[in-house]
Amino acid sequence: MPSAASDVPADTGLPLGDTFHVFDTTLRDGAQREGISYSVTDKLAVAALLDELGVGFIEGGWPGALPKDTEFFARAAAGELPLRTAQLVAFGSTRRAGLAVQDDPQVKALLDSQAPVVTLVAKSDVRHVERALRTTLEENLAMVADTVRYLTDNGRRVFIDCEHFFDGFAADADYGLRVGEAAVAAGADVVVLCDTNGGQLPGPLSDTVAEVLRRGGFRVGIHCQDDTGCAVANSIAAVQAGATHVQCTANGYGERAGNADLFAVLGNLITKLELPVLPPGRLADLTRVSHAIAELANIAPNTHQAYVGSSAFSHKAGLHASAIKVDPDLYNHLDPDAVGNDMHILITEMAGRASVELKAKELGLDLSQRPEVVQTVVDTVKNREAQGFSYEAADASFELLIRSALAGADAAEPERLPFRLESYRVIVESPKNGKAVAGPSSSEVTSEATVKIWVGNTRVVATGEGNGPVHALDSALRLALEPQFPPLRSVELTDYKVRILAGHAGTDSITRVLVTSTDGERDWTTVGVHANVVEASWQALVDSVVYAVQSADQPASASDQQMQPTE
Ligand SMILES: [Zn+2]
């Protein structure tokens, strides 16, 4: 069973403990942004990043309503998402009108998710109760109270999201307060005031928050959409008015104009209001986590985003660099190091020497006495980023890069590439009658790939088929290698992302491909970049296979040695 209500883990490292909540809803509200489609593996990776950053709560989705979200919670509960700081939150709705709470399958799915915390969305605007929900004001209050009590009785901590609270409060303030009071009387901990249509401005919103705190006598949270461009300002204003729970999404992702950007809100709360809402030292992860989540969402990072954009601290060309050197404080509102950013453009957090050492340590490699290896990795990452590579999500490619730098610098480290490529070829064939059916599942267009490789002194030629060129290449490569490398049999491609990077300085545009693979136990992501999408995909596939082979080697005992090819 999950931990009991109000059972905040003792070792979260949050300086303010439970007295202030940073609540992230990137995976629920933020996932409603057009164009975002996370796989379950993506969702687990996003949640892990948010936990590394140190948010208190991660709303993972709506179990029962969306199959992917149900699977996300199941995999998290099965141990795939070990959390250090955050608690996982399931989102759902109050019971249906006229239905007993224990008979509502949607409410049951919230319990089944095993999330220790539940956020319930409730109507608090009389017009929405009567016109959208089409029930009575009293029944709506009973729906709130019944659902909260049922969940708290079952050991869950409950927050209540009051939808369209601000417009509702303007229309009938008493009813808005009654909804909050009903929830709290039934055991809810926080009443979250939602600016659902995003129409608020900071002044009036702040007045409402203060009035609710004065009259309601319950803990207040804030959830802002960005339709007036004020979501961050509104969130900060609410906190200054007394809200102690703030809901945000990474990079402000969300439907329409989006939500309050988690990174701007954290930057403001910590560096401007001096509220230590993250565990010590984590603010320096802000930029890295922002960019890594952008990669997983497959959205180009906003270079001009507050605090975390690559240009957020770079100054226009007319400003002499030496002037900034004299005293950067004269030009920057904040030391960019504080949020893991930099005054320059192409240097990412990943390329820093300390990060390379840290990542190597995670892999069990001590590079503290190997500055030349660290320098090689830093230089390679910088060069490759200039070409369009990105390692922020491609952890496996980054690991291979470290290993190959080690192999190059250390003669004792054997050459570990498991094969050499002679050539590959891909054919895409339309149907014989020349008529393909339009639409995403036009399976009549088939692809066939042939790869010619050398494993040791053996030449292997293999042909594979697939519903697309990448799938066909993957099949052929696997067919060629599986007899020599049996662990590849359990490896599967689970995700494939393509991004076209605009050309600059007269160059053509290039394609970046991210491939995610799994062996059923672990997932890893690799990257390829080329003007040609097939070549970019090939690079990512090769990294994936090499990673699978090498990491299967790692724990191998002497008796497994005959599995290895000899050069
Ligand atoms: Zn929202």
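Owing to the predicted nature of the structure, the values given are computational and were not obtained by experimental measurement.

Parameters at a glance
Residues numbered from 1 in each chain as written. Predicted model: local features only at pLDDT ≥ 70, side-chain atom pairs only at ≥ 80, totals over all residues. Heavy atoms only, no water. Salt bridge = Lys/Arg side-chain N within 4 Å of Asp/Glu carboxyl O. Buried < 20%, exposed > 50% of the residue type's maximum accessible area, 1.4 Å probe, protein only. Helix = DSSP H or I, 4+ residues; strand = E, 2+ residues; numbered from the N terminus. Polar contact = N/O pair within 3.5 Å; in protein donor to acceptor, adjacent residues only side chain to side chain. Contact = heavy atoms within 4.5 Å. Donors = N, O, S within 2.8 Å, 3.2 Å for Na, K, Ca; no water. Patch = residues over 30% accessible without salt bridge, like charges linked within 9 Å, V, L, I, M, F, W, Y side chains within 5 Å. Areas by Shrake-Rupley, 256 points an atom, 1.4 Å probe, with all protein chains shown as cover. Pairing = 2+ DSSP bridges. Axes fitted to C-alpha atoms, helices over the stretch in contact; angles between N-to-C directions. Phe/Tyr/Trp six-rings, centres within 6.5 Å; stacked < 30°, edge-to-face > 60°. Lys NZ or Arg CZ within 6 Å of the ring centre and 35° of its normal. Expected span 1.5 Å × (residues − 1). Disulfide = S-S within 2.5 Å.

### Points about the pattern of salt bridges
Any two side chains of opposite charge can pair if their charged atoms end up close together.
Now for step 1: If you walk through the whole model with that rule in mind, you get 31 salt bridges.
Now for step 2: With its nearest N and O atoms 2.9 Å apart, the salt bridge here joins Glu80 to Arg75.
Now for step 3: Exposure remark for Glu80: the relative accessible area of 36% places this residue in the partly exposed category.
Now for step 4: Judged by its relative accessible area of 18%, Arg75 is buried.
Now for step 5: Residue Asp523 is joined to Arg75 by a salt bridge in which the shortest nitrogen-to-oxygen separation is 3.7 Å. Taken as a pair, Asp523 in strand E14 (residues 523–530) and Arg75 in helix H2 (residues 67–80) lie far apart in primary sequence, 448 residues in all.
Now for step 6: The class for Asp523 is partly exposed, based on a relative accessible area of 29%.
Now for step 7: Residues joined by salt bridges that share partners form a network here, namely Asp18, Arg157, Asp189 and Arg219.

### Some remarks on the side chain of Thr526
Now for step 1: Secondary-structure assignment places Thr526 in strand E14.
Now for step 2: Polar contacts involving the side chain of Thr526 include one to the main-chain carbonyl oxygen of Ala540, which spans 2.8 Å.
Now for step 3: For Thr526, the residues in contact, after removing those within four places along its chain, are Ala394, Ala396, Ser397, Val513, Leu514, Val515, Ala540, Asp543 and Ser544.

### Observations concerning the coordination of the zinc ion
Now for step 1: Looking at the zinc ion, one finds its protein donor set to be Asp29 (OD), His223 (NE2) and Gln225 (OE1), positioned 2.0 to 2.2 Å from the metal centre.
Now for step 2: If you list the donors of the zinc ion from N- to C-terminus, the spacing comes out as D-x193-H-x1-Q.
Now for step 3: On the basis of relative accessibility, which here comes to 4%, the residue His223 falls in the buried class.

### Some thoughts on a nonpolar patch on the surface
Now for step 1: A cluster of nonpolar side chains, namely Tyr496, Val498, Ile500 and Val533, defines an oily patch on the protein surface of about 310 Å² accessible area.
Now for step 2: In terms of residue count, the dominant contributor to the nonpolar patch is strand E12 (residues 492–501) (three residues).
Now for step 3: By the secondary structure assignment, Tyr496 is in strand E12.

### A closer look at the sheet that holds strand E10 (residues 446–455)
Now for step 1: What the three strands build is an open sheet, ordered E9-E10-E11; its pairing is antiparallel. The strands lining the two open edges of the sheet, one partner per strand, are strand E9 (420–429) and strand E11 (458–466). Ignoring strand direction, the axes of neighbouring strands in this sheet form an average angle of 10 degrees.
Now for step 2: Pairing of E10 with E11 involves nine bridges; the strand directions are antiparallel. Note that in E11 the partner of Glu448 across the bridge is Glu465.
Now for step 3: The strands that helix H16 (residues 469–481) touches are E9, E10 and E11; relative to E11, the one it contacts most, it runs at about 145 degrees.

### Description of unusual backbone geometry
Now for step 1: Positioned with a positive phi, Arg134 is a non-glycine residue whose angle comes to about 55 degrees.
Now for step 2: By the element assignment, Arg134 lies in the loop between helix H4 (126–133) and helix H5 (137–153).
Now for step 3: Residue Arg134 is classed as exposed on the basis of its relative accessible area of 70%.

### Things to note about the sheet that holds strand E13 (residues 510–518)
Now for step 1: Spatially, the three strands line up as an open sheet ordered E12-E13-E14, and their pairing is antiparallel. Across the chains shown, the open sheet's two edge strands, defined by having one partner strand only, are E12 and E14. Averaged over all pairs of adjacent strands, the angle between strand axes in this sheet comes to 15 degrees, irrespective of strand direction.
Now for step 2: The sheet contact formed by E12 and E13 spans nine bridges and is antiparallel. When the sheet's bridge partners are listed, Lys497 is paired in E13 with Leu514.
Now for step 3: Running at roughly 105 degrees to E12, helix H11 (residues 286–297) makes contact with E12 and E13 of the sheet.

### Comments concerning the packing of aromatic side chains
Now for step 1: The tally for this structure, following the rule as stated, stands at 11 aromatic pairs.
Now for step 2: Ring centres of Phe72 and Phe73 lie 5.3 Å apart, and the angle between their planes is 80 degrees; this geometry places the pair in the edge-to-face category.
Now for step 3: With a centroid separation of 6.1 Å and 55 degrees between ring planes, the pair formed by Tyr391 and Phe398 is classed as tilted. Phe398 carries the same exposure label as Tyr391, and that label is buried.
Now for step 4: Over the face of the ring belonging to Phe91 we find Arg28, whose NZ or CZ atom lies 3.6 Å from the ring centre.
Now for step 5: We note Arg384 situated over the ring of Phe389; from NZ or CZ to the ring centre the distance is 4.6 Å.

### Brief notes about H5
Now for step 1: Over its 17 residues, H5 extends 24 Å from the first C-alpha to the last, a length consistent with the 24 Å expected when each residue adds 1.5 Å.
Now for step 2: When H5 is considered as a whole, its buried residues turn out to be Asn140, Leu141, Met143, Val144, Ala145, Thr147, Val148, Leu151 and Thr152.
Now for step 3: Those residues of H5 that are buried lie in contact with strand E3 (87–93), helix H3 (105–112), strand E4 (117–123), H4, strand E5 (157–163) and helix H7 (173–185).
Now for step 4: With its phi angle positive at about 85 degrees, Gly155 sits one or two positions after the end of H5.

### Some details on the state of the cysteines
Now for step 1: Inspection of every chain in the model, using the stated rule, returns zero disulfides.
Now for step 2: The closest cysteine sulfur to the non-disulfide-bonded Cys162 is located on Cys194, 6.8 Å from its own sulfur.
Now for step 3: On the basis of relative accessibility, which here comes to 4%, the residue Cys194 falls in the buried class.

### Focus: the environment of Val470
Now for step 1: By the secondary structure assignment, Val470 is in helix H16.
Now for step 2: Look at Val470 and you get buried, because its relative accessible area is 12%.
Now for step 3: A C-alpha to C-alpha distance of 6.5 Å links Val470 and Ser537, two positions 67 residues apart in sequence.
Now for step 4: Excluding residues within four positions of it along the chain, Val470 makes contact with Tyr496, Ser537 and Leu541.

### Quick word on the pairing of E13
Two faces, one strand: in a regular strand the side chains alternate between the faces of the sheet.
Now for step 1: Buried residues dominate E13, accounting for eight of its nine residues.
Now for step 2: The pairing of E13 with E14 spans eight bridges and is antiparallel. Opposite Arg512, over in E14, you have Val529 as the bridge partner.
Now for step 3: Counted between consecutive antiparallel strands, the loop separating E13 from E14 contains four residues, among which Gly520 sits at a positive phi close to 90 degrees.

Just geometry here; none of it tells us what the structure is for.
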